[in-house]
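Each chain is listed here by its residues.
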Amino acid sequence: MGNRRVVITGMGAVTPLGNSVEETWAGIKAGKSAVGPITLFDSSVNKVHYAAEVKNFDPGLYMDSKDARKMARFTQFGVAAAKMALDDAGLMGNTEVLDETGIVLGVGIGGLEETEADVLGMAKTGFVKTNPMAIPKLIPNEVGGNIAIQFGLHGPVQSLATACSSGTDALGVAFDMVRSGRLDCCMSGGAESTICQFGVVGFEVLHALSQGFDDDPSKASRPFDKQRNGFVMGEGSAILILEEYEHAKARGAKIYAEIAGYGASCDGYHLTSPNPDGIYGSKCMTRALKDAGMDPSEIQYYNAHGTSTKINDPSETNMVKLAFGEENARKLKISSTKSMHGHCLGATGAIEAMICVKAINDSFFPATINLDEQDVEGGCDLDYVPNKGVEGNIDAAMSATFGFGGHNGAIILKKVK
């Protein structure tokens, strides 16, 4: 693919834990749950009444309010995270660089709440009229398009959809574009917001969502625990600035971490369930290690997909053992930060990659909270950093995500040396 080094020089985030990278990371270090009662719609008729919502988000802090009204919620999140990332990288207003900067974003679904509202509104007219902004607001690529319009980016702008692996795969594609020499700088990450009646009911009927923790929703997302019974829906965005190493050095950019490798695979097994033995999911990990030219023993931290479903968690544990080998797997610190921020679908891989960068920078292994009784008998028998994060050196971390359709992606990040 090429031997150019690719580094991360800026980050921005809007997540259920906070409306910035630092607020999100503070929540992660504190072991805070962002799960609470649904406020974005009346869920009283639903079986599921809680989610990990983004809170106190004011789009007017990041864009003109008139422009914001033309965007779906996921796009507003993406534009806000992009502004933070550009500011962080020192690129805002740098027309020379931005004119050649691309965007590759992962969006699993797009403006689902807009689809719901527009179809219901259209039904009232006998299906002859709808909101003229309906299509521009709901299609997944609009977040990238709006970022380019807002901030003057003129490189290639692409949207990638591989369900819950979208954010990871977008980072992988952007990594390849910079590594190959096609671009010197590329903005990448993911954005998603599907906490609406349509979204919740859609996952509800698949029996994918957690239920039964209405008295204390903060306990609902519990990866690798015996009492887990489904994922908790989240939302948000994380945007990272990927830049060729020498290009970043030449302009004096601060460098957070290096992207070392990326791998992808497909189960080819089932539309909504991972292959229980984990063999094909493990291939995205082994391919990422091979791409990075790294031995499994060189990875200290693995940010798990860890959805808190009965089938995912033991399947993913098998994947780790297959990819890393039993001995290395048992030395790994593994955690699912979804226990805190929920499952942010197409954005989750980007959010978790950002968390890996912060973990490397702060020498801190995030916890898997709510891990009160580890499901060892059910196949979850590795070190998932239960309930409290721990300090320790991290030279390299892997983040992996898996999506409906059997999509699997893994990315490796490491310290810059």
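The structure displayed is predicted, hence computed values, not measured ones.

Enquirer: With reference to specific residues and values, describe the overall build of the protein chain.
Expert: Within the protein chain, the regular secondary structure consists of 15 helices and 14 strands. Going through the 417 residues of the protein chain one by one, you find that 60% of them count as buried. In the protein chain, the share of contacts with a sequence separation of at least 24, taken over all contacts with a separation of at least 6, comes to 79%. Here the protein chain has roughly 15,400 Å² of accessible surface; of this, 52% comes from carbon and sulfur atoms. On the protein chain, the mean spot of the 37 positive side-chain charges and the mean spot of the 50 negative ones are 1 Å from each other.

Enquirer: Help me get a handle on the pattern of salt bridges, residues and values and all.
Expert: Applying the stated criterion across every chain yields a total of 25 salt bridges. For Asp362, the salt bridge goes to Lys29, with nearest N and O atoms at 3.7 Å. Separated by 333 residues along the polypeptide, Asp362 in helix α15 (residues 348-362) and Lys29 in helix α1 (residues 21-30) bring together distant segments of the chain. Judged by its relative accessible area of 38%, Lys29 falls in the partly exposed class. For the salt bridge of Glu373 with Lys226, the shortest nitrogen-to-oxygen distance reads 3.4 Å. Of this pair, Glu373 sits in the loop between β11 (364-365) and β12 (390-391) while Lys226 sits in the loop between α9 (197-204) and β7 (236-244); the two residues are 147 residues apart in sequence, bridging distant segments of the chain. Residue Glu373 is classed as partly exposed on the basis of its relative accessible area, which comes to 41%. A relative accessible area of 27% places Lys226 in the partly exposed class. A cluster of three or more residues bridged by salt bridges with shared partners is formed by Lys321, Glu326, Arg330 and Asp381.

Enquirer: Give a description of the pairing of strand β4 (residues 102-106) that names residues and reports values.
Expert: With 5 of 5 residues buried, β4 is to be regarded as a mostly interior element. The pairing of β4 with strand β6 (residues 185-192) spans 5 bridges and is classified as parallel. Each residue of the ladder has a partner; that of Val104, found in β6, is Ser188. Examined bridge by bridge, β4 and strand β5 (residues 157-160) share 4 bridges and lie parallel to one another. Counted as the bridge partner of Ile103 is Val157 from β5.

Enquirer: Could you give an account of the sheet that holds β7, with specific residues and numbers?
Expert: Pairing within the open sheet is mixed, and its 10 strands lie in the order β5-β4-β6-β7-β1-β8-β14-β13-β9-β10. Each end of this open sheet is capped by a strand with a single partner; those strands are β5 and β10 (333-335). With direction set aside, neighbouring strand axes in the sheet form an average angle of 25°.

Enquirer: Break down α1 for me, with residues and values.
Expert: One full turn of an α-helix is made of 3.6 residues, so residues set three or four places apart face in the same direction. For α1, the set of buried residues is Val21, Thr24, Trp25, Gly27 and Ile28. All buried residues of α1 lie within an arc of 155° about the axis, which places them on one face of the element. Directly after α1, the chain includes Gly31, whose backbone phi takes a positive value near 70°.

Enquirer: Can you break down the nonpolar core residue by residue, with the values?
Expert: Of all hydrophobic cores here, the largest spans 47 residues; its most connected members are Ile8, Met11, Leu242, Met354 and Leu413. Sorting the residues of this core by element identifies β1 (6-14), α1, α8 (166-179), β7, β8 (257-266), α15, β11 and β14 (407-414) as the ones contributing at least two each. The dominant element in this core, judged by the number of residues it contributes, is α15, at 9 residues. Those residues in contact with Met354 that sit more than four places away from it in its chain are Met11, Ala13, Val21, Thr24, Ala238 and Leu240. Residues Phe57, Tyr62, Met71 and Ile239 belong to the second largest nonpolar core, which totals 34 residues.

Parameters at a glance
- Residues numbered from 1 in each chain as written.
- Predicted model: local features only at pLDDT ≥ 70, side-chain atom pairs only at ≥ 80, totals over all residues.
- Heavy atoms only, no water.
- Helix = DSSP H or I, 4+ residues; strand = E, 2+ residues; numbered from the N terminus.
- Buried < 20%, exposed > 50% of the residue type's maximum accessible area, 1.4 Å probe, protein only.
- Contact = heavy atoms within 4.5 Å.
- Areas by Shrake-Rupley, 256 points an atom, 1.4 Å probe, with all protein chains shown as cover.
- Lys, Arg positive; Asp, Glu negative; His and termini not counted.
- Charge placed at Lys NZ, Arg CZ, Asp CG, Glu CD.
- Salt bridge = Lys/Arg side-chain N within 4 Å of Asp/Glu carboxyl O.
- Pairing = 2+ DSSP bridges.
- Axes fitted to C-alpha atoms, helices over the stretch in contact; angles between N-to-C directions.
- Arc of directions from axis to C-beta.
- Core = buried A, V, L, I, M, F, W, Y, C linked by side-chain atoms within 4.5 Å.

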